Amino acid sequence: MTSSASKVPAVERILDAATRLFAEKGFAGASTRLIAETAGLNIATVNYHVGGKRDLYLAVMERAADRERHALEEVMRASAPTAEDAHRLADRYLDFCVEHPEIAALWLRRWLSDAEDVTSLEAERVRPLVARIVDLAQHVAGPEADVEYAVWSVIWCVHGFVRGGVLDDRGARRRGDDQPALQRFRRTLHHLVDGLLDL
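Note that the coordinates shown come from a computational prediction; the quantities given were computed from them, not determined experimentally. (Residues numbered from 1 in each chain as written. Predicted model: local features only at pLDDT ≥ 70, side-chain atom pairs only at ≥ 80, totals over all residues. Heavy atoms only, no water.)

**What to know about the overall build of the chain**
Of the regular secondary structure elements, the chain holds 10 helices and two strands. Traced from its N-terminal end to its C-terminal end, the chain shows the element sequence α-α-α-α-α-α-α-α-α-β-β-α. Its C-alpha atoms give the chain principal-axis dimensions of about 55 × 40 × 30 Å. The burial tally for the chain puts 43% of its 199 residues in the buried class. (Helix = DSSP H or I, 4+ residues; strand = E, 2+ residues; numbered from the N terminus. Buried < 20%, exposed > 50% of the residue type's maximum accessible area, 1.4 Å probe, protein only.)

**Some words on the environment of Cys 157**
Here Cys 157 is to be found in helix 9 (residues 147–164). With 32 residues separating them in the primary sequence, Cys 157 and Leu 189 have C-alpha atoms 8.3 Å apart.

**Comments concerning the side chain of Thr 19**
Positionally, Thr 19 belongs in helix 2 (residues 10–29). In this structure Thr 19 comes out as buried when scored by relative accessible area, which is 7%. Contact partners of Thr 19, with chain neighbours within four places excluded, come to Val 60, Arg 63, Glu 102 and Leu 106. (Contact = heavy atoms within 4.5 Å.)

**Notes on a positive patch on the surface**
There is a patch of like positive charges on the surface, built from Arg 109, Arg 163, Arg 173 and Arg 175. Summarising the element assignment, Arg 173 is placed in strand 2 (residues 173–174). (Patch = residues over 30% accessible without salt bridge, like charges linked within 9 Å, V, L, I, M, F, W, Y side chains within 5 Å. Areas by Shrake-Rupley, 256 points an atom, 1.4 Å probe, with all protein chains shown as cover. Salt bridge = Lys/Arg side-chain N within 4 Å of Asp/Glu carboxyl O. Lys, Arg positive; Asp, Glu negative; His and termini not counted. Charge placed at Lys NZ, Arg CZ, Asp CG, Glu CD.)

Shown next, in the form of C-alpha cells:
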C-alpha cells in the first residue's frame, strides 16, 4: 500500500474499488473479498465501514447517482430553458460520462439485469432526476415530441458511445477518449436532441 493510498479514507477506498469492480464484473462477479483486496483492506474492515455486499452495491450506485445529479445541477437551474440549454444539458451529461466511464458502465450493467433484487434505486435516485430533465425539456420541445422517451434515448446513446464506442474503418473502437470521435459524436448528439425534441 502506498503512502498516498493510506491517506484516502477507508470508505472512499472501498467505494472506489467497488465502483471499478462492479463496473467491470457486475454484482455477481465482484466478490466482497476481491473488493477488499483491491482497496488494500480486509473483509472485516469493509463490513465495518459499509456492510455486506448488497449494502456496498447500494452505496456505490447511490454515490454514482448523486455525482450525476450534482454534475447536471447548474444546467438544470435554468429558469427559462431554451433549445441551447437542451444542448448544454446533453453536452454536460456526455462530458460527465466521458470523465467517469465506470459510472456509465454501472448503469448499463444494472439496466441489463444486474442485481435485479435491489429494487429501490430507480424509484429513489433515477426517476426524480429523469423527471426533472423531462420537465425542463417539455418547455422547449415541439408538439410532436415524446419527451420522456427522448431523454431516455439520449441517455442510452451516450452510454453506448462511452462504453461501446464507434467502429472506425479498421475495426478499432473510438470512444470518448478519442477527441475527433468525441467531437463527431457531440455534433450528432445535438442533431439527435433536435430531432427527438422536435426543435
